[in-house]
Amino acid sequence: MRLLERMRKEWFMVGIVLAIAGAKLEPSIGVNGGPLKPEITVSYIAVATIFFNSGLSLNTEELTSALVHLKLHLFIQIFTLAFFPATIWLFLQLLSITPINEWLLKGLQTVGCMPPPVSSAVILTKAVGGNEAAAIFNSAFGSFLGIVVTPLLLLLFLGSSSSVPFTSIFSQLFMTVVVPLIIGQVVRRYIKDWLERKKPPFGAISSSVLLMIIYTTFCDTFSNPNIDLDKFSLILILFIICSIQLSFMLLTFIFSTRNNSSFTPADTVAIIFCSTHKSLTLGIPMLKIVFAGHEHLSLIAVPLLIYHPVQILLGSVLVPTIKSWMVSRQKGVKLTRPTV
């Protein structure tokens, strides 16, 4: 089993390299409107597949128990939609005196205002073996919350105004997240014995879908003409984004592992990914709506286009390390339990 797990991890890392290389060589295949039609296959089918897969593999009891873990949910949502954007705003006050393109800096602020994604945080939490039920709930709930909160945060920090079609965004989320999850749970009730006996490769399925998301994301990144503009600013933005992600991941780790936090190691894994990841799928449409007609919209969107693949890459690279920590921590907890 360990050999198979190691081979699967190595295959996944090779897949990431091949996906990025393929996107660099021929980005036109995976861009919106291209042969792969990611605006349909990724935005709808891939996301729906992830949550159907999660619904099929997740014990109903675990999902139900996750709903009442209010402290964990409050931590993730407050960190994502309050602490994150406020901290970025303070940080940008310092960066405003640098020669970095001001619209790229405004783009960094929009990243901070975005809701959590509905896919990558769940997949990475599942890959580590963390609290998948909590990750699913917070990704879905945070996305729904973001439909209202994100435009308000954009108005607060950037002063843009527009009417946002909440109904259409809510409908898309409901059809791609909630419905597939419920269907997966219903199907599981009828084939539970078969699933436990055959143990289908849910992890491999999710990893394959994630590789598709990585490929199409990098296709969008490499095909965006603004990526070639002001390379000095872009390099600095890339460095800043990597630093922000690593710093916030470390911060959530420290907060959630304090002695009085009451979070389990599996909870900490969900917190690390759900609190620091931001949604490109919801983010780009929201930017296009809120900044409709803005002459610098393309530059504002660049940091989010960079942030999304970076969060997947960093998360994927850190999976073995976080998993080793979680396993060792769980063993330690078991060893310290008193025997009866």
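These numbers were taken from a predicted model, which means no experiment stands behind them.

What counts as what
- Residues numbered from 1 in each chain as written.
- Predicted model: local features only at pLDDT ≥ 70, side-chain atom pairs only at ≥ 80, totals over all residues.
- Heavy atoms only, no water.
- Helix = DSSP H or I, 4+ residues; strand = E, 2+ residues; numbered from the N terminus.
- Buried < 20%, exposed > 50% of the residue type's maximum accessible area, 1.4 Å probe, protein only.
- Contact = heavy atoms within 4.5 Å.
- Areas by Shrake-Rupley, 256 points an atom, 1.4 Å probe, with all protein chains shown as cover.
- Phe/Tyr/Trp six-rings, centres within 6.5 Å; stacked < 30°, edge-to-face > 60°.
- Axes fitted to C-alpha atoms, helices over the stretch in contact; angles between N-to-C directions.
- Left-handed = near helix turned anticlockwise from the far one by under 90°.
- Nonpolar A, V, L, I, M, F, W, Y, C, P; charged D, E, K, R; others polar.
- Salt bridge = Lys/Arg side-chain N within 4 Å of Asp/Glu carboxyl O.
- pLDDT = per-residue confidence, 0-100.
- Expected span 1.5 Å × (residues − 1).
- Core = buried A, V, L, I, M, F, W, Y, C linked by side-chain atoms within 4.5 Å.
- Polar contact = N/O pair within 3.5 Å; in protein donor to acceptor, adjacent residues only side chain to side chain.

Caption draft 1: Examining the overall build of the chain more closely. A tally of regular secondary structure across the chain gives 13 helices and 0 strands. The N-to-C order of helical and strand elements in the chain reads α-α-α-α-α-α-α-α-α-α-α-α-α. Relative to its 340 residues, the chain shows a buried fraction of 50%. The long-range fraction of contacts in the chain, counting pairs at least 24 apart against all pairs at least 6 apart in sequence, stands at 83%. On the chain, roughly 16,300 Å² of surface is accessible, and the fraction owed to carbon and sulfur atoms is 69%.

Caption draft 2: Local environment of the packing of aromatic side chains. In the structure shown here, the tally under the stated rule is 9 aromatic pairs. Taking 5.0 Å as the distance between ring centres and 35 degrees as the angle between the ring planes, the aromatic pair formed by Phe 79 and Phe 83 counts as tilted. With Phe 79 and Phe 83 both in helix 4 (residues 70-95) and 4 residues apart, the pair spans about one turn of that helix. The exposure class of Phe 79 is buried, given its relative accessible area of 5%. For Phe 83, a relative accessible area of 32% translates into the label partly exposed. Note on Phe 84 and Phe 248: the rings are 4.5 Å apart at their centroids and 80 degrees apart in plane angle, and the pair reads as edge-to-face. On the criterion of sequence distance, the pair formed by Phe 84 in helix 4 and Phe 248 in helix 10 (residues 231-256) is long-range, its members being 164 residues apart. Take Phe 84: its relative accessible area is 1%, and that puts it in the buried class. These aromatic residues form a ring-pair network of at least three members: Phe 75, Phe 79, Phe 83, Phe 84, Phe 248, Phe 263 and Tyr 307.

Caption draft 3: Here's a closer look at unusual backbone geometry. Positive phi values are uncommon outside glycine, yet Lys 37 reaches one of about 50 degrees. Note that Lys 37 resides in the loop between helix 1 (2-25) and helix 2 (38-57).

Caption draft 4: Quick peek at the environment of Gly 34. Along the chain, Gly 34 falls in the loop between helix 1 and helix 2. Distance from Gly 34 to Thr 216, taken between C-alpha atoms, is 9.9 Å for residues 182 residues apart in sequence. Apart from residues lying up to four places away in sequence, Gly 34 is in contact with Ser 28 and Ile 29.

Caption draft 5: A look at the packing of helix 10 against helix 11 (residues 265-276). Interaxial distance between helix 10 and helix 11 falls to 9 Å at its minimum, and their mutual angle equals 145 degrees. For the crossing formed where helix 10 meets helix 11, the hand is right-handed. For the pair helix 10 and helix 11, contact is made by Phe 248, Met 249, Thr 252, Phe 253 and Ser 256 and by Thr 268, Ile 271, Ile 272, Phe 273, Ser 275 and Thr 276, respectively. Residue classes in the contact of helix 10 with helix 11 are distributed as 6 nonpolar, 5 polar and no charged.

Caption draft 6: Quick peek at the pattern of salt bridges. This model, assessed by the stated rule, comprises 1 salt bridge. When the shortest N-O distance is used, the salt bridge between Lys 126 and Glu 132 registers 3.5 Å. Residue Lys 126 is classed as partly exposed on the basis of its relative accessible area of 22%. Here Glu 132 falls in the buried class, since its relative accessible area comes to 10%.

Caption draft 7: Highlighting the confidence of the model for the chain. Overall, the predicted model of the chain reaches an average pLDDT of 80, with 82% of residues at or above 70. Across the chain, the element-wise mean pLDDT spans from 65 in helix 3 (residues 60-67) up to 93 in helix 11. Contacts for the low-pLDDT stretch residues 1-5, under 50 throughout, to residues beyond four places or in other chains number 1 contact.

Caption draft 8: Representation of helix 11 within the structure. Between its first and last C-alpha atoms helix 11 spans 17 Å; for 12 residues at 1.5 Å apiece the expected length is 16 Å, and the two agree. The element helix 11 is extensively covered by neighbouring structure, given that 12 of its 12 residues are classed as buried. Buried within helix 11 are the following residues: Pro 265, Ala 266, Asp 267, Thr 268, Val 269, Ala 270, Ile 271, Ile 272, Phe 273, Cys 274, Ser 275 and Thr 276.

Caption draft 9: The environment of Phe 51, seen in detail. For Phe 51, the location among the structural elements is in helix 2. Between the alpha carbons of Phe 51 and Ser 206 there is a distance of 9.4 Å; along the sequence they are 155 residues apart.

Caption draft 10: Representation of the nonpolar core within the structure. Among the nonpolar cores identified, the biggest contains 43 residues, and Phe 51, Val 128, Ile 214 and Phe 273 are the most heavily contacted of them. Ignoring anything within four residues of it in the chain, the contact list for Ile 214 reads Ile 16, Ala 19, Ile 20 and Ile 312. Formed by 37 residues, the second largest nonpolar core is a distinct cluster that contains Leu 92, Leu 105, Phe 248 and Leu 304.

Caption draft 11: Up close: the environment of Val 47. Tracing the sequence through the fold places Val 47 in helix 2. Here Val 47 falls in the buried class, since its relative accessible area comes to 2%.

Caption draft 12: Broad picture of the side chain of Lys 278. Along the chain, Lys 278 falls in the loop between helix 11 and helix 12 (280-290). A polar contact of 3.0 Å, which involves the side chain of Lys 278, links it to the backbone oxygen of Gly 112. Among the polar contacts made by the side chain of Lys 278, one reaches the main-chain carbonyl oxygen of Met 114 at a distance of 2.7 Å. Apart from residues lying up to four places away in sequence, Lys 278 is in contact with Thr 80, Phe 84, Val 111, Gly 112, Met 114, Pro 115, Pro 117, Tyr 307, His 308 and Gln 311.

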